[in-house]
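Now for the letters of each chain:
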Amino acid sequence: SPWREYEHHIRAELRRQLPEPLEIFETSLATARLADKALDDVFAQYLGALSARYKLDLVVTIGAPAANFFLKVRQQIFPTVPMIFTGVEKRRVSLSDLTTNDVVVPSTVDHVGIIDHILRLLPATDHVAVVTGNSPNEKFWVEAISNELKPFTGRVTFTWLNELPFEDMLKHAAALPRRSVILFILMSVDAAGISYEGKNVVNRLHAVAN
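(A) Structural view of helix α6 (residues 166-174). Of all the positions in α6, only Phe166, Met169, Leu170 and Ala173 are classed as buried. The buried residues of α6 occupy an angular sector of 100° when projected down its axis, which confines them to one face. On its buried face, α6 is in contact with β4 (127-132), β6 (180-186) and α7 (198-208).

What follows is the structure, given as structure tokens:
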């Protein structure tokens, strides 16, 4: 989660629109949370073997880690196969790396707008606890979002919880000061290296937040 939801709907739509039999190979980029080049190389070799054995008509990536992984290895395993990059925020894909066979279906997240809406709905808010994980992808967003939110300096204090294990995040959420808001970004892997599902994280936060 949330990539499984994308995959479910993409499968359903492909089967709805394509009358001929459709064969889908699904592979999960589990190495994205580890930032281990050796594992990335092994995964690329597996995909290369798959591509050599079966003629692929299309590659679809879901999420920024998968998109960036394929952009790095595509020339050695999928040099001519058309690709669609989905479930990715537009800042996470370098357009200069794309070919004429590629399509990006990007999203845009307006974090400044999110905080602005919070302050309109709850104008007394002066503290935001930001919940996100500590994988390479999530570290990117910590830096990017913290830079975006600098205009709120002096009005809102932001506490970033990405360097805590999730169990400690829950304790933090249970003891927040008054006029606080919890902003959930993404939770793939916490600082202890434990993987989590986003929906489960939100439910557990909601259960303990004061």
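(B) Inspection of the side chain of Ser51 at higher detail. Relative to the elements of secondary structure, Ser51 occurs in helix α2 (residues 37-53). Judged by its relative accessible area of 19%, Ser51 falls in the buried class. Among the polar contacts listed, one links the side chain of Ser51 to the backbone oxygen of Ile77, at a separation of 3.3 Å. Here Ser51 is in contact with Leu56, Ile77 and Phe78, once residues within four sequence places are set aside.

(C) Quick peek at the pattern of salt bridges. Taken as a whole and assessed by the stated rule, the structure comprises eleven salt bridges. A salt bridge links Arg16 to Glu13, with the shortest nitrogen-to-oxygen separation between them at 2.6 Å. Note that Arg16 and Glu13 are positioned in helix α1 (residues 3-17) at a spacing of three residues, about one turn of the helix. By sharing partners, the salt bridges in this structure join Glu7, Arg11 and Glu26 into a single network.

(D) View of the environment of Ser180. Relative to the elements of secondary structure, Ser180 occurs in strand β6. Each C-alpha atom, one on Ser180 and one on Arg155, is 12 Å from the other, the two residues being 25 residues apart in sequence.

(E) Molecular detail of the packing of aromatic side chains. A full pass over the atoms with the stated rule returns seven aromatic pairs. Ring centres of Phe25 and Tyr54 lie 4.8 Å apart, and the angle between their planes is 40°; on these two criteria the pair is classed as tilted. Of this pair, Phe25 sits in the loop between α1 and α2 while Tyr54 is found in the loop between α2 and β1 (59-62), placing the two residues 29 residues apart along the sequence. Ring geometry for Phe70 and Phe78: centres 5.7 Å apart, planes at 35°, overall tilted. Judged by relative accessible area, Phe70 falls into the buried class, the value being 9%. Pairwise contacts between aromatic rings join Phe43, Tyr46, Phe69, Phe70 and Phe78 into one cluster.

(F) Up close: the packing of α6 against α7. Two elements in contact, α6 and α7, have axes whose closest approach is 8 Å; the angle formed by their N-to-C orientations is 35°. Considering the relative orientation of α6 and α7, their crossing is right-handed. Counting all contacts with α6, which are made through Phe166, Glu167, Leu170, Ala173 and Ala174, the residues of α7 involved are Val201, Arg204, Leu205 and Val208. Partitioned by chemical class, the residues of the contact of α6 with α7 number seven nonpolar, no polar and two charged.

(G) Examining the pairing of strand β5 (residues 157-160) more closely. Note that β4 and β5 share four bridges and pair parallel. Paired with His127 across the bridge in β5 is Thr157.

(H) Representation of the environment of His206. Assignment of secondary structure puts His206 in helix α7. Taking C-alpha positions, His206 is 15 Å from Val128, a pair spaced 78 residues apart along the chain.

(I) Here's a closer look at the nonpolar core. With 20 residues, the main nonpolar core has Leu47, Val59, Phe69, Phe70, Phe78 and Phe85 as its most contacted residues. Contributing elements (two or more residues each) for this core: α2, α3 (64-77) and β2 (83-89). What Phe78 contacts, discounting residues up to four positions off in sequence, is Leu47, Ser51, Leu56, Val59 and Phe70. By size, the runner-up hydrophobic cluster in this structure holds 14 residues, among which are Ile118, Val130, Trp141 and Leu183.

Parameters and conventions
- Residues numbered from 1 in each chain as written.
- Predicted model: local features only at pLDDT ≥ 70, side-chain atom pairs only at ≥ 80, totals over all residues.
- Heavy atoms only, no water.
- Buried < 20%, exposed > 50% of the residue type's maximum accessible area, 1.4 Å probe, protein only.
- Helix = DSSP H or I, 4+ residues; strand = E, 2+ residues; numbered from the N terminus.
- Arc of directions from axis to C-beta.
- Contact = heavy atoms within 4.5 Å.
- Polar contact = N/O pair within 3.5 Å; in protein donor to acceptor, adjacent residues only side chain to side chain.
- Salt bridge = Lys/Arg side-chain N within 4 Å of Asp/Glu carboxyl O.
- Phe/Tyr/Trp six-rings, centres within 6.5 Å; stacked < 30°, edge-to-face > 60°.
- Axes fitted to C-alpha atoms, helices over the stretch in contact; angles between N-to-C directions.
- Left-handed = near helix turned anticlockwise from the far one by under 90°.
- Nonpolar A, V, L, I, M, F, W, Y, C, P; charged D, E, K, R; others polar.
- Pairing = 2+ DSSP bridges.
- Core = buried A, V, L, I, M, F, W, Y, C linked by side-chain atoms within 4.5 Å.

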